[in-house]
Amino acid sequence: MNIQDAQKAVDEWINEHGVRYFNELTNMAQLTEEVGEVARIIARRYGEQSEKESDKNKDLGEELADVVFVILCLANQTGVDLQKAFDKKLDLKTKRDHDRHHNNEKLK
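The name that an unreviewed UniProt entry assigns to the protein is Nucleotide pyrophosphohydrolase, with the source organism given as Autumnicola psychrophila.

Structure, rendered in structure tokens:
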């Protein structure tokens with residue numbers, strides 16, 4: 001599934017199951033909440049904090065998917081073609097950062 005298909009699938013889901021999109025500010029708050037859940041798993045599983053027993057069964061993939069879902073909602077409701085924007089950004093980063101990263105001593 002490409003990003004355009006994902007945006008369409010989310011839109012269809014919202015129209016069939018979600019009644020309507022939450023407003024942009026609510027979705028932004030939701031995105032922040034979901035990113036926080038990802039951060040908690042990363043900090044405790046891969047960082048220096050100990051992982052609480054209640055967090056050990058949390059699925060990082062599921063939490064990342066929640067982030068993607070809300071981003072797709074925000075793109076849909078603000079008229080952003082995320083596939084086009086992502087392709088443009090990847091092209092820009094490829095041109096701008098290729099030599100930069102290859103010449104970064106910290107990455108060797």
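From this point on, the discussion continues.
Chemist: Looking at this model, I keep getting lost on the UniProt feature "domain: NTP pyrophosphohydrolase MazG-like" (unreviewed entry) in the protein. Mind explaining?
Modeler: Cross-referencing UniProt, the feature "domain: NTP pyrophosphohydrolase MazG-like" (unreviewed entry) maps to residues 23-99 in the present numbering. Structurally, residues 23-99 is divided into 77% helix and 0% strand, and its ends, taken at the C-alpha atoms, are 41 Å apart.

Chemist: Sorry, what's going on with the side chain of Arg 44 here?
Modeler: Of note, Arg 44 is situated in helix H2 (residues 24-45). Residue Arg 44 is classed as buried on the basis of its relative accessible area, which comes to 16%. Within the structure, the side chain of Arg 44 is placed 3.2 Å from the backbone oxygen of Ser 50, a separation counted as a polar contact. Not counting chain neighbours up to four residues away, the residues in contact with Arg 44 comprise Gln 49, Ser 50, Glu 51, Lys 52 and Asp 55.

Definitions and limits used
- Residues numbered from 1 in each chain as written.
- Predicted model: local features only at pLDDT ≥ 70, side-chain atom pairs only at ≥ 80, totals over all residues.
- Heavy atoms only, no water.
- UniProt positions renumbered as here; feature names shortened; annotations may be inferred.
- Helix = DSSP H or I, 4+ residues; strand = E, 2+ residues; numbered from the N terminus.
- Buried < 20%, exposed > 50% of the residue type's maximum accessible area, 1.4 Å probe, protein only.
- Polar contact = N/O pair within 3.5 Å; in protein donor to acceptor, adjacent residues only side chain to side chain.
- Contact = heavy atoms within 4.5 Å.

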